[in-house]
Amino acid sequence: LGTTKHGAADVVMTFIVDRLLKFIFAPQILFASMKGTTMKDVFGVLKTIVSIMLLMWVFLGNDETWEEMLLEMEAAEDGDQLGDLMNTSDTLPTAIEDVL
């Protein structure tokens, strides 16, 4: 969750800065927006955040998955397997004829 942690930190810090600037420059607007907020609203937002983080973890993987992918990429680059595939000027029909 390394990348996710940085992204979450960015969102949290942006929210804090937003509230701080509203408190400094527009406190009436800040207090009016918070006036109707209930604990049910807060828990709803928290539930949404947790759901999104869980989905990100499921679809993007965890640190171990990313580390394994990076190691495989490094191994492919060291063996020049990836370089051969990326730097080829052959067209698809020519490549198929070479294989057959």
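Here the structure is a predicted model, which is why all the values come from computation and not from measurement. Sequence order as written defines residue numbering, which begins from 1 separately in each chain. Local features in a predicted model are, by the rule used here, given only for residues with pLDDT of at least 70; side-chain atom pairs are given and counted only at 80 or more, and totals for whole chains, interfaces and linings are based on all residues. The basis for every side-chain value is the complete set of non-hydrogen atoms in the structure, without hydrogens or water.

**Here's the deal with the overall build of the protein chain**
From N to C terminus, the protein chain includes six helices and zero strands. Counting from the N terminus, the helices are the DSSP runs of H or I reaching at least four residues and the strands are the DSSP runs of E reaching at least two. The linear arrangement of helices and strands in the protein chain, starting from the amino end, is α-α-α-α-α-α. Remark: exposure states derive from per-residue accessible area (1.4 Å probe, protein chains only) relative to the maximum for the residue type, with buried under 20%, exposed over 50%, and partly exposed in between. When the 100 residues of the protein chain are sorted by exposure, 6% land in the buried category. A total accessible area of about 9,000 Å² is found for the protein chain, and carbon and sulfur atoms account for 69% of it. For the area figures, the Shrake-Rupley method with a 1.4 Å probe applies, and any residue is considered shielded solely by the protein chains shown.

**Topic: the layout of surface pockets**
Considering only enclosed or pocket space, the largest pocket measures out at about 560 Å³ in volume. If you go around the largest pocket, you meet 18 residues; those closest to its centre are Val11, Val12, Phe15, Val45 and Ile49. Those elements that provide at least two residues to the lining of the largest pocket are α1 (2–25), α2 (27–35) and α3 (39–60). Here the lining of the largest pocket takes eight residues from α3, the largest share from any one element. Buriedness for pockets is judged along seven lines, at least five of which must meet protein on both sides within 12 Å for an open set on the 1 Å grid over protein atoms alone, while cavities are sets there where a 1.4 Å probe fits but cannot get out, and lining residues have an atom within 4 Å of a point. Grid points are joined across faces, edges and corners, and a volume is the space filled by probe spheres set on the points.

**Description of the pattern of salt bridges**
Salt bridges are defined as contacts in which a side-chain nitrogen from Lys or Arg sits within 4 Å of a carboxyl oxygen from Asp or Glu. Enumeration according to the criterion identifies one salt bridge in this entry. Lys22 serves as the salt-bridge partner of Asp18, at 3.8 Å between the closest nitrogen and oxygen. Within this pair, Asp18 and its partner Lys22 are both found in helix α1, separated by four residues, close to a single helical turn.

**Concerning the packing of aromatic side chains**
Between 30 and 60 degrees the pair is tilted, below 30 it is stacked and above 60 it is edge-to-face, where a pair is any two Phe, Tyr or Trp rings, Trp via its six-membered ring, whose centres lie within 6.5 Å. The tally for this structure, following the rule as stated, stands at one aromatic pair. Both rings, one in Phe23 and one in Phe31, keep their centres 6.2 Å apart while their planes meet at 85 degrees; by these two values the pair is edge-to-face.

**Remarks on a nonpolar patch on the surface**
Patches in this entry comprise residues that are over 30% relatively accessible and not in a salt bridge; like charges within 9 Å are linked, as are nonpolar side chains (Val, Leu, Ile, Met, Phe, Trp, Tyr) within 5 Å. Side chains of Ile52, Leu54, Leu55, Met56, Trp57, Val58, Phe59, Leu60, Trp66 and Met69 sit close together on the surface and give an oily, nonpolar patch of about 1,000 Å² of accessible area. Of all the elements in the fold, those that place two or more residues in the nonpolar patch are α3 and α4 (63–78). When residues of the nonpolar patch are assigned to their parent elements, the largest contribution, eight residues, is made by α3. Residue position: Leu55 is located in helix α3. Residue classification places Leu55 among the partly exposed residues on the basis of a relative accessible area of 48%.

**What about the confidence of the model for the protein chain?**
For every residue, the predictor states its confidence as a pLDDT score lying anywhere from 0 to 100. Of the residues in the protein chain, 70% reach a pLDDT of 70 or more, and the chain-wide mean stands at 78. Highest mean pLDDT in the protein chain belongs to α2 (91); lowest belongs to helix α5 (residues 81–86) (52).

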